[in-house]
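Spelled out, the chains give:
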Amino acid sequence: MSPPCHTSALLLVFMALAVAGAEQSEERSCDVIGDESSESQMERALLKKLEPLSHMRFNVTVEKGKTENYIYHFRVCREVNSTSHDFGGLVQTDRQNGKTTVIGRINETQVFNGSDWIMLIYKGGDSYGRHCSGEKRRAVIMISCKRGVTASSFSIISEEREKEQECFYLFEMDSSVACPAENSHLSVGSILLITFVSLIAVYIIGGFLYQRLIVGAKGMEQIPHFAFWQDLGNLVADGCDFVCRSKPRNAPAAYRGVGDDQLGEESEERDDHLLPM
């Protein structure tokens with residue numbers, strides 16, 4: 001094989017390995033039960049809503065006497081162990097012998113919600129064996145609303161396996177992703193007031209900059225439409241004086257101010273009667 005061909009073959013091998021590694025490193029996500037064409041928009045929207053929890057891992061330990069000592073590993077729409085490629089979204093590990101059992105798989109997902117909760121169901125787990133007629137295990141995770149908390153309080157509530165069928169493991173956790181959107185507490189009047197104040201601020205600041213930088217005004221002339229506002233103030237003052245005055249307009253003032261002009265008007269003969277005859 002010539003050197004150019006040898007180099008090309010090596011490049012192809014490296015590219016194939018890189019593509020394979022990228023595929024293996026990409027984590028699988030939830031696949032809703034049914035064909036892709038039959039998936040509802042509601043389920044897709046809920047899975048997107050749960051995305052902030054997908055990078056987190058949750059564990060809970062359960063110990064019942066000497067016979068049951070388990071650890072439950074849970075991830076939201078991701079495999080607990082991506083290297084095993086078993087689609088296990090919720091896995092049980094026996095602490096005594098290390099045996100792992102898949103409780104539910106993310107490729108058989110159901111999801112629905114209420115006003116302040118989301119129910120995530122993983123089906124297609126490992127078979128029960130002698131319980132529940134040997135059907136496959138199923139994990140039900142109730143995610144309740146708790147504002148201000150991304151995720152907390154993951155725990156197992158019960159395992160229902162004494163029935164003939166439809167057995168399940170029930171888990172619960174708290175998360176803000178299950179909370180409904182908060183409605184704005186602002187009234188229509190408050191919104192209008194904020195809008196009005198914002199427009200006034202834009203008018204004053206923009207007009208000031210225009211008068212100063214473009215027109216070259218100084219002092220009070222920098223106020224936008226200064227002459228108009230000055231005239232308006234005078235008109236308002238006259239109107240207030242006309243409406244609020246409580247005496248006739250031609251009535252003399254109740255007092256006289258003291259000034260040099262008034263002192264000069266006093267009669268110079270006011271003390272003449274005190275002179276001796």
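Within each chain, residues carry numbers counting from 1 in the order of the written sequence. Totals for whole chains, interfaces and linings use all residues, but because this is a predicted model, local features are given only for residues with pLDDT of at least 70 and pairs of side-chain atoms are given and counted only at 80 or more. Calculated side-chain values reflect all of the structure's heavy atoms, with hydrogen atoms and water omitted.

- Per an unreviewed UniProt entry, the chain goes by Cation-dependent mannose-6-phosphate receptor and derives from Erythrocercus mccallii.

1. Side note on the environment of Ser133
Line of reasoning, step 1. A run of H or I in DSSP becomes a helix once it reaches four residues, and a run of E becomes a strand once it reaches two; helices and strands are each numbered from the N terminus. By secondary structure assignment, the location of Ser133 is in the loop between β5 (117-124) and β6 (139-145).
Line of reasoning, step 2. Spatially, the C-alpha atom of Ser133 lies 8.4 Å from that of Lys163, the residues being 30 residues apart in sequence.
Line of reasoning, step 3. A 3.5 Å cut-off defines polar contacts: any pair of N or O atoms within that distance qualifies, except that in protein one atom must be a possible hydrogen donor and the other a possible acceptor, and neighbouring residues in sequence count only when both atoms are side-chain atoms. Separated by 2.8 Å, the side chain of Ser133 and the backbone oxygen of Glu164 make a polar contact.

2. Description of the state of the cysteines
Line of reasoning, step 1. The disulfide criterion is simple: two cysteine sulfur atoms within 2.5 Å. If you walk through the whole model with that rule in mind, you get three disulfides.
Line of reasoning, step 2. Residue Cys132 pairs covalently with Cys167 via a disulfide, S to S 1.8 Å. Every disulfide takes its handedness from the sign of the S-S torsion; for Cys132 and Cys167 that torsion is -100°, giving left-handed. With Cys132 in the loop between β5 and β6 and Cys167 in the loop between β7 (152-160) and β8 (168-175), this residue pair connects regions lying 35 residues apart in the sequence.
Line of reasoning, step 3. The rule is simple: take the accessible area with a 1.4 Å probe, protein chains only, and divide by the maximum for that residue type; under 20% is buried, over 50% is exposed, in between is partly exposed. When its relative accessible area of 3% is taken as the criterion, Cys132 is described as buried.
Line of reasoning, step 4. Put simply, Cys145 and Cys179 are joined by a disulfide, and their sulfur atoms are 2.0 Å apart. Disulfide Cys145-Cys179: torsion about the S-S bond near 100°, hence right-handed. One end of the pair, Cys145, is in strand β6; the other, Cys179, is in the loop between β8 and α3 (188-215), with 34 residues separating them in the sequence.
Line of reasoning, step 5. By relative accessible area, which is 27% here, Cys145 ends up partly exposed.
Line of reasoning, step 6. On the basis of relative accessibility, which here comes to 7%, the residue Cys179 falls in the buried class.
Line of reasoning, step 7. In the chain, the bonded cysteines, numbered by position in the sequence, are linked as 1-2, 3-5, 4-6.

3. What to know about the sheet that holds β7
Line of reasoning, step 1. Read from one edge to the other, the open sheet built from eight strands follows the order β1-β2-β3-β4-β5-β6-β8-β7, with strand pairing classed as mixed. On the outer flanks of this sheet lie β1 (57-64) and β7, each paired with one strand and no other. Across the sheet, the axes of successive neighbouring strands diverge by a mean angle of 25°, strand direction being ignored.
Line of reasoning, step 2. The pairing criterion is simple: DSSP has to find at least two bridges between the two strands. Strand direction decides the pairing type here: strand β4 (residues 100-113) and β5, joined by seven bridges, are antiparallel. Bridge pairing links Val111 to Leu120 in β5.
Line of reasoning, step 3. Any two residues having at least one pair of non-hydrogen atoms within 4.5 Å are treated as being in contact. What counts as an axis is a line fitted to C-alpha atoms, over the stretch in contact for a helix, and the angles between N-to-C directions run from 0 to 180 degrees. Its contacts with the sheet put helix α2 (residues 41-49) on β4 and β5, and the angle it makes with β4 is roughly 120°.

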